[in-house]
Protein chains: 2
Amino acid sequence: MDSKQQLLQQSIAAKEIFLPHISADPVIFGFEHNELKVLLLKTNYRQKWLLPGGYVRKDEDLDEAVQRILKERSGITDIYLEEFGVFGKKNRSEFHFEDFDETLFQKQRFITVGYYALYSPSKFHLIPDEFSETCEWVFLSKLPQIEFGMDHYEIIQKALFTLRQKISTKPIGRNLLPEKFTLPELQKLYEAVLGKELNRGNFYRKIKNLGILKKLEEQRRGGAHKAPDLYSFDEENYIKAMKNGMNSW
Amino acid sequence: MDSKQQLLQQSIAAKEIFLPHISADPVIFGFEHNELKVLLLKTNYRQKWLLPGGYVRKDEDLDEAVQRILKERSGITDIYLEEFGVFGKKNRSEFHFEDFDETLFQKQRFITVGYYALYSPSKFHLIPDEFSETCEWVFLSKLPQIEFGMDHYEIIQKALFTLRQKISTKPIGRNLLPEKFTLPELQKLYEAVLGKELNRGNFYRKIKNLGILKKLEEQRRGGAHKAPDLYSFDEENYIKAMKNGMNSW
DNA sequence: CCAAAAGTGTTCTTCGTACACCCATGT
DNA sequence: ACATGGGTGTACGAAGAACACTTTTGG
């Protein structure tokens with residue numbers, strides 16, 4: 001079945017099941033090789049990269065919808081998503097389905113709700129859905145070089161901006177790093193999100209004063225030079241710090 | 001024409017003009033007598049208080065929609081609105097139109113987008129639309145005593161929370177205070193938003209260091225005791241401060 | 001033993017907090 | 001003149017910024 005046939009078929013079912021005009025788009029961030037990456041799908045149709053978004057069922061809450069969509073399109077489950085913006089320009093998807101007539105469900109005007117989340121890529125196996133060729137992590141530095149459908153690049157930009165705001169008041173890392181990690185690794189994560197270098201000494205002191213870390217009785221061996229200490233997050237204090245907030249970086 | 005007839009009539013036109021399932025609700029904050037207030041409408045139908053929300057035309061951007069809605073329902077124009085949340089529970093308006101059958105446009109499931117803004121009430125004359133009995137500023141302290149339709153109380157709560165977050169990083173007051181104002185007045189505004197008292201001396205120093213104020217060559221006469229100096233905002237620096245942000249209170 | 005990275009300590013400055021003091025005005 | 005609120009100054013401590021120093025490891 002080619003991709004156009006596939007979309008037409010989906011369209012018929014969609015009209016029954018989903019609310020018209022409303023969609024949700026999750027922006028999932030990951031961290032690897034000291035760089036941030038985003039989860040994207042390359043659709044069979046038109047070969048453009050898109051966020052793994054979808055539609056809202058008539059009988060489910062919006063929150064439930066995003067969770068389901070993400071699961072169906074990528075295989076990711078159990079992830080905390082946070083709304084960060086609504087994209088409602090009337091012609092935001094104008095040229096995306098130009099091969100189809102107006103009866104296609106997917107072609108109608110959509111107002112989309114953006115959600116973002118942080119997720120550790122190692123935790124699961126990506127499974128693209130039937131409409132997508134690939135489901136891939138794409139590094140932020142590569143984004144300007146790939147071709148997006150609709151306004152999805154803009155959506156990612158805003159998600160990233162929101163993440164930067166967030167890191168200034170709440171701790172980040174619990175979902176992006178493995179169980180055990182080193183302080184230099186955590187610092188690299190913060191630097192990747194903020195897009196600037198941080199002073200080592202000051203970072204160490206500040207993060208330790210937050211009290212969200214537990215120092216383990218082991219080091220990460222294997223690298224050249226001094227072996228760094230391993231840490232894990234102190235669940236209880238981490239949750240407290242999430243609520244209370246802090247100052248800035 | 002009674003209120004039920006009115007709603008039925010509106011329903012017919014609405015199906016032509018508006019997108020289904022999507023609405024926008026503006027939460028407009030004002031400041032008077034050292035207290036915050038919110039702009040609300042009391043609908044003819046069912047006598048519940050509601051935000052002055054409405055629907056999105058098929059041929060307008062979402063941003064345009066909120067502006068138009070607010071203008072039509074209250075008379076307010078030229079105001080900067082900022083999205084703060086989406087409310088999409090499937091049964092959020094379940095009991096609101098129970099006197100009607102499912103064909104009523106207004107009764108369908110709506111996912112609503114919340115916008116908030118700050119506005120100086122003195123600047124305009126409130127004009128309720130034809131569907132509303134009154135268009136009124138209601139003080140925050142009175143909110144628990146009035147009866148809201150749907151989940152609009154919850155929406156206001158989140159708007160207020162967002163405003164508190166915002167005041168911590170960006171200056172506030174430009175839209176909420178008259179052209180000329182005194183530092184004690186500004187401080188009262190901050191205290192009202194934050195819900196706690198601030199130290200006078202520290203507030204003065206901090207706000208002055210922001211450089212967003214212009215001291216005028218006059219005082220506010222008439223009150224008892226010492227006449228306080230009048231200030232106005234320095235447009236240029238205010239806008240800068242809006243962009244740059246600052247620390248916390 | 002040395003280079004390089006990890007971890008700690010020191011100093012300076014900035015900024016928030018608390019509070020004291022002076023100033024101006026209407027009663 | 002004096003009580004009251006407006007405006008300014010000061011002293012202390014916490015926290016950020018910059019940087020020096022020590023420690024540990026692999027080569």
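Look above for the structure.
Residues numbered from 1 in each chain as written. Chains lettered and ligands numbered in written order. Predicted model: local features only at pLDDT ≥ 70, side-chain atom pairs only at ≥ 80, totals over all residues. Heavy atoms only, no water.

Draft legend 1. How the structure looks around the protein's contact with DNA strand C. Close contacts around DNA strand C come from 20 residues, with Arg200, Lys208 and Asp229 of chain A together with Asn202 and Lys206 of chain B the closest. For DNA strand C, the fraction of atoms within 4 Å of the protein that belong to sugar or phosphate moieties is 57%. In the model, a phosphate oxygen of DNA strand C is placed 3.1 Å from a nitrogen or oxygen of the Tyr204 of chain A side chain. Between DNA strand C and Lys206 of chain B, the relevant distance is 2.9 Å, taken from a phosphate oxygen to a side-chain nitrogen or oxygen of the residue. (Near = heavy atom within 4 Å. Polar contact = N/O pair within 3.5 Å; in protein donor to acceptor, adjacent residues only side chain to side chain.)

Draft legend 2. Up close: the pattern of salt bridges. If you walk through the whole model with that rule in mind, you get 30 salt bridges over all chains. Residue Glu147 of chain B pairs with Lys48 of chain B through a salt bridge whose shortest N-O separation is 3.2 Å. In this pair, Glu147 of chain B is assigned in the loop between strand E7 (132-139) and helix H3 (152-169) and Lys48 of chain B in the loop between strand E2 (35-43) and strand E3 (49-50), connecting sequence segments 99 residues apart. Notably, a salt bridge pairs Asp59 of chain B with Arg57 of chain B, separated by 3.2 Å at the nearest N-O pair. Arg57 of chain B gets classed as partly exposed once you look at its relative accessible area, which sits at 30%. Several salt bridges share partner residues, and in doing so they unite Glu60, Arg68 and Glu72 of chain A into one network. (Salt bridge = Lys/Arg side-chain N within 4 Å of Asp/Glu carboxyl O. Helix = DSSP H or I, 4+ residues; strand = E, 2+ residues; numbered from the N terminus. Buried < 20%, exposed > 50% of the residue type's maximum accessible area, 1.4 Å probe, protein only.)

Draft legend 3. Fine view of the packing of helix H4 (residues 183-194) of chain A against helix H5 (residues 200-209) of chain A. Residue and element names in this part refer to chain A. At a minimum axis distance of 11 Å, the contact between H4 and H5 shows a crossing angle of 100 degrees. Judged by the inter-axis angle, H4 sits roughly perpendicular to H5. The segment H4 lies against H5, with Leu183, Pro184, Leu186, Gln187 and Tyr190 engaging Arg200, Phe203, Tyr204, Ile207 and Lys208. (Axes fitted to C-alpha atoms, helices over the stretch in contact; angles between N-to-C directions. Parallel < 35°, antiparallel > 145°, perpendicular 65-115°, else oblique. Contact = heavy atoms within 4.5 Å.)

Draft legend 4. Here's a closer look at the relation of the copies chain A and chain B. Of the two same-sequence chains, chain A is brought onto chain B (RMSD 0.1 Å, axial shift 0.1 Å) by a rotation of 180 degrees. Taken together, these values place the two copies in the relation of a two-fold axis. Take the interface residues of chain A: 100% of them recur as interface residues in chain B, which is what a same-surface contact looks like. (Least-squares fit on C-alpha atoms with pLDDT ≥ 70 in both.)

Draft legend 5. Representation of the environment of Ser23 of chain A in the model. Residues and elements named next belong to chain A. By secondary structure assignment, the location of Ser23 is in strand E1 (residues 18-32). Residues Ser23 and Ile69, spaced 46 residues apart in sequence, show a C-alpha to C-alpha distance of 9.9 Å. Beyond its immediate chain neighbours, meaning those up to four positions away, Ser23 contacts Gly54, Tyr55, Phe110, Ile111, Thr112 and Val113. Polar contacts involving the side chain of Ser23 include one to the side chain of Thr112, which spans 2.8 Å.

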